[in-house]
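Each chain, letter by letter, is given below.
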Amino acid sequence: MSNRRQPLRPQPGDSIRLADYDPDDTGDYRDKDDALEDLERNRARLGELQEVLYAEHKHALLIILQAMDAGGKDGTIRHVMRGVNPQGVQVTPFKVPTTEELDHDFLWRIHQHTPPLGMIGLFNRSHYEDVLVVRVEELVPRKVWEARYDHINAFERLLAGSGVTIVKFFLHISKAEQKKRFEERLSQPSKHWKFARGDLKVREKWDQYMAAYEDAITRCNTPWAPWYIVPADKKWYRNLVISNVLVETLEKLDMGYPEPEPGLETIVIPD
């Protein structure tokens, strides 16, 4: 591990080396109990901000979650978004593309699920799979996936220009922590459904996937769609970091409730 500490949000143009980021980092917090008050405050604030986002109907927020298997994407959605109104949130998990989806360009299936104004959208995996798994597993030629970085940047710029604020999180876990979480899934019958033998084949290519993530973050970290590298070995710290970013992002939108209809002060509700 390098002694050089990188910021949570690397600057556009920075060349990313994930070995410089400690997945077990917990910042200024000692433990889960130390962070609990701040996390609860963030959850409450997220609920308030989401209500204004929904009512104002001028912005949308797209949250992209990427990670290795067992990296905590489901847990992040479950814990960080606990305080928001479900009717203002849409969650889309991107699985292996269907035959119909493969008959279109790689962004076709993604664009259909981007959040409309007033909504928060969460992508559990995303269009980045097409420069990650597609690259490592050699599902298309190099010249095809190489061109996709520019396509992704243009696509995200289009969304940003249409009122969608984009934040992208790489949940950075260590290989040792992934092993621990896999073993937990195998030891608990209620979690067997989360484990697939194919996960081990992906694990064998850990270094190739880290290289693919480094390129994706380096080449697609833009002012209009920034990447955040989140230390994720400690689930509680992962949740705190992401909730911090979401609160700060929504507060920067300077939202407000729409003006009420004129004359409401004169209305008397009949018995």
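What counts, and where the lines are drawn
- In every chain, residue numbers begin from 1 and rise along the written sequence.
- Predicted model: local features are reported for residues with pLDDT of at least 70 only, side-chain atom pairs are reported and counted for 80 or more only, and whole-chain, interface and lining totals are derived from all residues.
- Excluded from the side-chain calculations are hydrogens and water; all other atoms, namely the structure's heavy atoms, are used.
- Note on conventions: DSSP H or I runs of at least 4 residues are helices, E runs of at least 2 residues are strands, and numbering of each starts at the N terminus.
- Expected helix span is given by 1.5 Å per residue-to-residue step, counting one fewer step than there are residues.
- Fitting axes to the seven residues ending at a residue and to the seven starting there, one defines the bend at that residue as the angle between these axes.
- Three labels apply to residues, based on accessible area from a 1.4 Å probe with only protein chains included: buried if under 20% of the type maximum, exposed if over 50%, partly exposed otherwise in between.
- Note on definitions: a residue-residue contact is assigned when non-hydrogen atoms from the two residues lie within 4.5 Å.
- Following DSSP output, two strands are said to pair if at least two bridges run between them.
- Both cavities and pockets are sets of points on a 1 Å grid over the protein atoms alone; in a cavity a 1.4 Å probe fits but cannot get out, in a pocket the set is open with protein on both sides within 12 Å along at least five of seven lines, and lining residues sit with an atom within 4 Å of a point.
- Grid points are joined across faces, edges and corners, and a volume is the space filled by probe spheres set on the points.
- When residues are sorted by character, Ala, Val, Leu, Ile, Met, Phe, Trp, Tyr, Cys and Pro go into the nonpolar class, Asp, Glu, Lys and Arg into the charged class, and all the rest, Gly among them, into the polar class.
- In this analysis an axis means a line fitted to C-alpha atoms, helices contributing only their contacting stretch, and an angle means the value between N-to-C directions, from 0 to 180 degrees.
- Should the near helix be turned anticlockwise from the far one by less than a right angle, the crossing is left-handed, and should it be turned clockwise, the crossing is right-handed.

Remarks on helix H6 (residues 142–161)
- Taking 1.5 Å per residue as the helical rise, H6 with its 20 residues ought to reach 28 Å, and the 30 Å between its terminal C-alpha atoms agrees with that figure.
- A maximum bend of about 30 degrees is found in H6 at Tyr 149.
- Of all the positions in H6, only Trp 145, Arg 148, Tyr 149, Ile 152, Asn 153, Phe 155, Glu 156 and Leu 159 are classed as buried.
- Where the residues of H6 are buried, they touch strand E1 (60–67), helix H4 (108–111), helix H5 (133–136), strand E4 (164–172) and helix H9 (206–219).
- Of the residues one or two after H6, Gly 163 is the one with positive phi, at around 100 degrees.

With respect to the pairing of strand E3 (residues 120–124)
- The element E3 is largely enclosed, with a buried count of five among its five residues.
- Pairing between E1 and E3: five bridges, direction parallel. Along E3, the bridge assignment pairs Ile 63 with Leu 122.
- Note: strand E2 (residues 89–93) against E3, five bridges, orientation parallel. Opposite Thr 92, over in E3, you have Phe 123 as the bridge partner.

Examining the layout of surface pockets
- There is about 450 Å³ of room inside the second largest pocket.
- At the level of secondary structure, the elements contributing two or more residues to the lining of the second largest pocket comprise E4, strand E5 (227–231) and helix H10 (235–252).
- Ranked by residue count, the leading element in the lining of the second largest pocket is H10, at eight residues.
- A class-by-class count of the residues in the lining of the second largest pocket yields 17 nonpolar, five polar and eight charged.

What about the packing of helix H1 (residues 32–56) against H10?
- It is the contact of H1 with H10, at a shortest axis distance of 9 Å, that shows an interaxial angle of 35 degrees. Relative to H10, H1 is oriented so that their crossing is left-handed. Residue-level contacts link Lys 32, Ala 35, Asp 38, Leu 39, Asn 42, Arg 45, Leu 46 and Leu 49 of H1 to Trp 236, Asn 239, Leu 240, Ser 243, Asn 244, Leu 246, Val 247, Leu 250 and Glu 251 of H10.
- Each residue belonging to the contact of H1 with H10 can be placed in one class, and the counts come to nine nonpolar, four polar and four charged.

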